[in-house]
Amino acid sequence: MGEKTTILIVDAKNEDRSILMQIGKKHPEYRFLEADTVGRALDLLESERKPDLIMLDIVSPNLDGLRLLNFLKKNERFRSVPVVAGTLPGAAEVSRKAAKFGVADFLMKPYDVPNAEACIEKAIHSGGMQGERDSLTGLYTAESFYAETAKMLRENAGKEYTLLFFNLANFALVNDLQGRETGDNILKQIASTMAAGMHHKGVCGRVADDHFVCCIETEHPGDELGFYEYMESRVRKLAWQFHFTLECGIYPIDDITLSVKDMCDRGEFALGDVKGIHLEKYAYYDKGTAEKYYHEQMMIADREKALTEGQFYVVFQPVFDAVIEKVVGAEALVRWRHPVLGVISPQRYVPLFEKDGFIHKLDLFVWEEACKVLADLKRRGGALRPISVNVSRIDLYHPDLADSLERLLAKYQIEKKYLFLEITESAYVEQPQEMINVVSDLRKRGFKIMMDDFGSGYSSLNMLKDMPVDVLKIDMNFMQQLESSRRAGNIVISIIRMAKLLHIDTVAEGVETKEQKEFLKNIGCDEIQGYYFAKPMPADDFCSFMMKEPRHQEERTGYKKGVLVVDDVTVIRKSLIQALGDEYTYYEAANGQQALDILKTEASQISIIITDVFMPVMDGFELIGKLQENPIYSHIPIIVVTVSEERENEIKALKLGAVDVITKPYDPVSAKHRVKNVLKIAEAERLQMEIKLLNEKNIK
Ligand code: C2E
Ligand code: CA
Ligand code: CA
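About the thresholds
Residues numbered from 1 in each chain as written. Chains lettered and ligands numbered in written order. Predicted model: local features only at pLDDT ≥ 70, side-chain atom pairs only at ≥ 80, totals over all residues. Heavy atoms only, no water. Helix = DSSP H or I, 4+ residues; strand = E, 2+ residues; numbered from the N terminus. Rg over C-alpha atoms; globule rule 2.2 N^0.38 Å. Buried < 20%, exposed > 50% of the residue type's maximum accessible area, 1.4 Å probe, protein only. Contact = heavy atoms within 4.5 Å. Areas by Shrake-Rupley, 256 points an atom, 1.4 Å probe, with all protein chains shown as cover. Lys, Arg positive; Asp, Glu negative; His and termini not counted. Charge placed at Lys NZ, Arg CZ, Asp CG, Glu CD. 1 Å grid on protein atoms, 1.4 Å probe; cavity = no way out; pocket = protein on both sides within 12 Å on 5 of 7 lines; lining within 4 Å. Points joined across faces, edges and corners; volume = space filled by probe spheres on them. Nonpolar A, V, L, I, M, F, W, Y, C, P; charged D, E, K, R; others polar. Donors = N, O, S within 2.8 Å, 3.2 Å for Na, K, Ca; no water. Pairing = 2+ DSSP bridges. Axes fitted to C-alpha atoms, helices over the stretch in contact; angles between N-to-C directions. Phe/Tyr/Trp six-rings, centres within 6.5 Å; stacked < 30°, edge-to-face > 60°. Lys NZ or Arg CZ within 6 Å of the ring centre and 35° of its normal. Parallel < 35°, antiparallel > 145°, perpendicular 65-115°, else oblique. Near = heavy atom within 4 Å. Polar contact = N/O pair within 3.5 Å; in protein donor to acceptor, adjacent residues only side chain to side chain. Salt bridge = Lys/Arg side-chain N within 4 Å of Asp/Glu carboxyl O. Core = buried A, V, L, I, M, F, W, Y, C linked by side-chain atoms within 4.5 Å. Domains from an automatic or database assignment. Expected span 1.5 Å × (residues − 1).

Just checking my understanding: could you explain the overall build of the chain for this structure?
A count of helical and extended segments in the chain gives 26 helices and 25 strands. Computed over the C-alpha atoms, the radius of gyration of the chain is 42 Å, more than 25% above the 27 Å expected from 2.2 N^0.38 for a compact globule of 700 residues. By its C-alpha atoms, the chain is 135 × 65 × 45 Å across when sized along the principal axes. Expressed as a percentage of its 700 residues, the buried residues of the chain come to 51%. Sequence separation of at least 24 residues holds for 67% of the intrachain contacts in the chain that already meet a minimum separation of 6. Counting only carbon and sulfur atoms, one obtains 52% of the accessible surface of the chain, whose full area is about 33,800 Å². Computed over 89 positive and 108 negative side-chain charges, the separation of the two mean positions in the chain equals 1 Å.

It is not clear to me how empty space enclosed by the protein should be interpreted in this structure. Could you clarify?
Unoccupied space between atoms shows up once a probe the size of one water molecule is rolled over them. Counted by the stated rule, this structure contains 2 cavities of 30 Å³ or more. One number sums up the size of the largest cavity: a volume of about 50 Å³. Forming the walls of the largest cavity are V565, V566, D567, I572, L576, I610, T611, D612, V641 and Y666. Elements supplying a minimum of two residues to the lining of the largest cavity: β21 (562–566), α22 (570–580) and β23 (606–612). With 3 residues, β23 is the largest single contributor of residues to the lining of the largest cavity. If you add up the space inside the second largest cavity, you get close to 30 Å³. Residue lining of the second largest cavity: K326, V327, R385, E549, P550, Q553 and E554, and that is the complete set. The residue inventory of the lining of the second largest cavity, partitioned by class, reads 2 nonpolar, 1 polar and 4 charged.

Honestly, the coordination of the calcium ion (ligand 2) in this entry has me stumped. Any pointers?
Ideal values for angles at a metal depend on the geometry: 109.5 degrees with four tetrahedral donors, 90 or 180 degrees with six octahedral donors. Donor atoms from the polypeptide that coordinate the calcium ion (ligand 2) comprise E331 (OE), N390 (OD1), E422 (OE) and D452 (OD), at 2.1 to 2.3 Å from the metal. If you list the donors of the calcium ion (ligand 2) from N- to C-terminus, the spacing comes out as E-x58-N-x31-E-x29-D. Between the calcium ion (ligand 2) and the calcium ion (ligand 3) the interatomic distance comes to 4.1 Å, and D452 is a ligand of both metals. Of this pair, E331 sits in strand β12 (residues 327–338) while E422 sits in strand β15 (residues 419–424), and the two are 91 residues apart along the sequence. By the burial criterion, E331 is buried, and E422 matches it.

What is the right way to read the sheet that holds strand β9 (residues 245–252) from this model?
Two strands in a sheet stick together by hydrogen bonds in their backbones, pointing the same way (parallel) or opposite ways (antiparallel). Taken in spatial order, the 5 strands line up as β7-β8-β6-β9-β10 in an open sheet, and their pairing is mixed. The open sheet has two edge strands with one neighbour each: β7 (202–208) and β10 (282–284). Strand-to-strand twist across the sheet, computed as the mean angle between neighbouring axes with direction ignored, equals 20°. Pairing of β7 with strand β8 (residues 211–217) involves 6 bridges; the strand directions are antiparallel. Bridge pairing in β8 links G205 to V213. Taken strand by strand, helix α10 (residues 260–271) contacts β6 (161–169), β8, β9 and β10, and its axis lies near 130° from that of β9.

Help me out: how do you make sense of the packing of aromatic side chains in this one?
One pass over the full model with this rule turns up 24 aromatic pairs. When the ring of F71 is compared with that of F78, the centres are 6.4 Å apart and the planes differ by 40°; the resulting orientation is tilted. Joined through ring pairs, the aromatic side chains of Y251, F269, Y285, Y293 and Y294 make up one cluster. A cation sits over an aromatic face here: K535 above Y531, 4.8 Å from the ring centre.

Would you explain the packing of helix α6 (residues 142–155) against α10 in this entry?
When two helices pack together, their arrangement is given by the angle between the helix axes and by the axis-to-axis distance. As a packed pair, α6 and α10 sit with axes 9 Å apart at the nearest point and diverge in direction by 105°. Between α6 and α10, the angle is such that the two are roughly perpendicular. Across the interface between the two elements, F145, Y146, T149, A150 and L153 from α6 touch V260, K261, M263 and C264 from α10. Tallied by class, residues from the contact of α6 with α10 come to 7 nonpolar, 1 polar and 1 charged.

Where do I start with the site of ligand 1 in this structure?
Looking at ligand 1, there are 24 residues lining it, with Q317, R335, D363, E512 and Y531 nearest. The separation between a nitrogen atom of ligand 1 and a polar main-chain atom of V334 is 3.2 Å. The separation between an oxygen atom of ligand 1 and a polar side-chain atom of D453 is 3.3 Å. Expressed as a share of its isolated accessible area of 800 Å², the protein-covered part of ligand 1 is 87%.

Explanation requested: the side chain of H360 in the structure shown.
Looking at where H360 falls in the secondary structure, it is placed in helix α13 (residues 358–379). Excluding anything up to four places from it in sequence, H360 contacts W367, D395 and H398.

What should I look at first to understand the pattern of salt bridges in this one?
Pairs can form between side chains of opposite charge once their charged atoms are near each other. Taken as a whole and assessed by the stated rule, the structure comprises 47 salt bridges. With its nearest N and O atoms 3.9 Å apart, the salt bridge here joins E93 to K97. Of the two residues, E93 and K97 both sit in helix α4 (residues 92–101), 4 residues apart, roughly one turn of that helix. Measuring nitrogen to oxygen at the nearest pair gives 3.0 Å for the salt bridge that ties R674 to D660. Residue R674 is found in helix α26 (residues 668–697), and its partner D660 is found in strand β25 (residues 660–664); the two are separated by 14 residues along the sequence. Residues joined in a network through salt bridges with shared partners are D403, E406, K416, D441 and R445.

Explanation requested: the sheet that holds β23 in the structure shown.
Taken in spatial order, the 5 strands line up as β22-β21-β23-β24-β25 in an open sheet, and their pairing is parallel. Bordering the open sheet on either side are β22 (585–589) and β25, each of which pairs with just one other strand. On average, adjacent strands in this sheet sit at an angle of 20° to one another, irrespective of strand direction. The pairing of β21 with β22 spans 5 bridges and is classified as parallel.

Would you take a moment to explain the environment of C543 for this structure?
Structurally, C543 can be placed in helix α21 (residues 539–547). As a C-alpha pair, C543 and R380 span 163 residues in sequence and 9.5 Å in three-dimensional space. Not counting residues up to four positions away in its chain, the partners in contact with C543 are V373, D376, L377 and R380.

I keep staring at the nonpolar core and nothing clicks. Help me out?
Generally speaking, a soluble globular protein has its nonpolar side chains buried in company with each other. Counting residues in each nonpolar core, the largest one holds 112 residues, and the members touching the most others are L472, L520, L564 and L599. Top element by residues in this core is α13. It accounts for 11 residues. The two domains that each donate at least three residues to this core are domain 3 (304–547) and domain 4 (562–688). Setting aside anything within four residues of it in sequence, one finds L564 in contact with Y587, E588, A589, A595, I598, L599, I606, I608, I609 and I610. Counting residues in hydrophobic clusters, the runner-up holds 29 residues, among them I190, A191, A239 and F242.

Before we go on, may I ask you to explain α6 in this structure?
One turn of an α-helix holds 3.6 residues; hence residues three or four places apart share an orientation. Along its 14 residues, α6 runs 20 Å from first to last C-alpha, staying within 8% of the 20 Å computed at 1.5 Å per residue. Inspection of α6 places A142, S144, F145, Y146, E148, T149, M152 and L153 among the buried residues, and these make up the whole buried set. Those residues of α6 that are buried lie in contact with β6, β7, β8 and α10.

Structure (structure tokens):
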């Protein structure tokens, strides 16, 4: 800093100039420049180094001090130079005008040395800033930071600025462990580091104990990071032994209509995104995150009122039988029509309301609405089908859960079999034992339990062993992946087969296309919910919809296991069918290709395939190969019919994957038993294999 502090005196009065010059005797570090007119002052400003302070006479009529002041404050180069205005006790009007332009201080004329000296010192050390200062660090306080920044932004409307919000994480510990004094010293050092780094290119302040802010000009992209790095590198040296860290939230000012306080809030908000990555402890303000946050706050603030004012309502989505495609039930889903946010998806607020338990209140409302619809349909003589309601993981821990459900059903005189409870799989993953207890209790009381979102989480099939449920709802994500991922299809196949073996019904959710529906029907899924059949609809529409349905549910025809008989000779097919009796439903094909065609639509109905070896178009070997390749068919056991002399064909078929052989001419009784045994063994093996497979996958 070796250079002297330059003070420019602009004063029409010789006496006043010389009083000020006397201060130089005591302060050799000051260098004075003198001007008695504005013109002379402008010359000096142009030819000399920029002064550190200007002492300006604003009252002499032959020197237009205000004009010079106006020039200084409009001029980018001199704006930051502090000006002390020399005035007179009676000159209120001109002083007020000067204050408007911005001056560091006023000094009463005629000057005296001690007063002038104090004034000059103060003006120089406050660096030209006039707002209220934080007594510890000398930086602006929050209010004056807002005011100074607003002024700067106003005066430099065309320039780019960025707000940086600095937080000293864990700083409280420094005060606790090292004492207040050490803490204060660190804060002072940080403050002076910050002030020094500004280079008059912005404003800085301390807005709370360990919160510093600055608003700096960012001419080039990345300038703000340069400043952050400057601060970081210096503060790190202080910080490492005291174990605090400097974090920075950055808001590049893109909306100058905001108040500076709001800009600071954005900077502070961005702090929330600072991750624990070493050295890189800054984050930019993100509009999306912030908006989400504000909306969440809004939803929390508005929800009680919304519930009493009827902003929440319930929609019903019909569920269809996969084979006969008739309505077999519906799911109740909540909706919120918010006056500002519009209709909001439950995915946005259900998780939010689960955090503090408000969801229970909302769910009770939804359950009651579902009961009302059932009661309404009952009263009007419409078709009654079970409606399922969502039971949040939070509801499960409500001691009153089962009782409040029973009270509701009693109030509306609805039988338990009409209100199904959907519990999400992820609740099990969190607290398995609790969930087992609650679910067992509910089932004992006669409630039907549906496992929602099955396959979405990391739970395993073991769950179903410990906690029996009545229905599995297969997670919607699988549907979206069916086309692209063979694996997703395989998992769905496994889930459905396994559920069948455990006598649990399956519902596929989120079915949007005919292809998905066909696939699901074909692999034996029982019920289907999705936009393909129907979207969720308001209660009134749902009731009208149900009024058109027959009151009594159409039954699917009695279930018999299907046997696919493949032989090119009709008589042989018929005699085999006769031998096996009427225990089965039969499908007949004259060759391998026909067999595959039948399987395309009927695979879920076929439990065993009995095939000849030699046939036109596609022989038995090729058929076996094709069946083994396809995961939808590979589990169906195959019995091959050969002639006793053709041992090598028998072996070839077994090698390809057939499970048993019937040799011609056969004994009808023994053939019948072979088929029975194969089915029994296949079923047991399959159960084992499915469980193993699914457990291994743990699904995703
Ligand atoms: P969820 O229980 O899995 O509900 C199924 C969601 O899939 C519903 O979304 C439904 O509208 C949507 N959906 C139905 N068919 C299709 C389709 O074909 N394609 C697509 N893409 N989506 C389909 P929604 O109503 O937005 O509900 C989202 C989630 O919010 C629900 O998932 C459930 O977890 C929760 N939720 C909804 N209502 C309630 C409620 O009353 N209480 C509680 N606790 N949670 C609820
Ligand atoms: Ca559900
Ligand atoms: Ca679901």
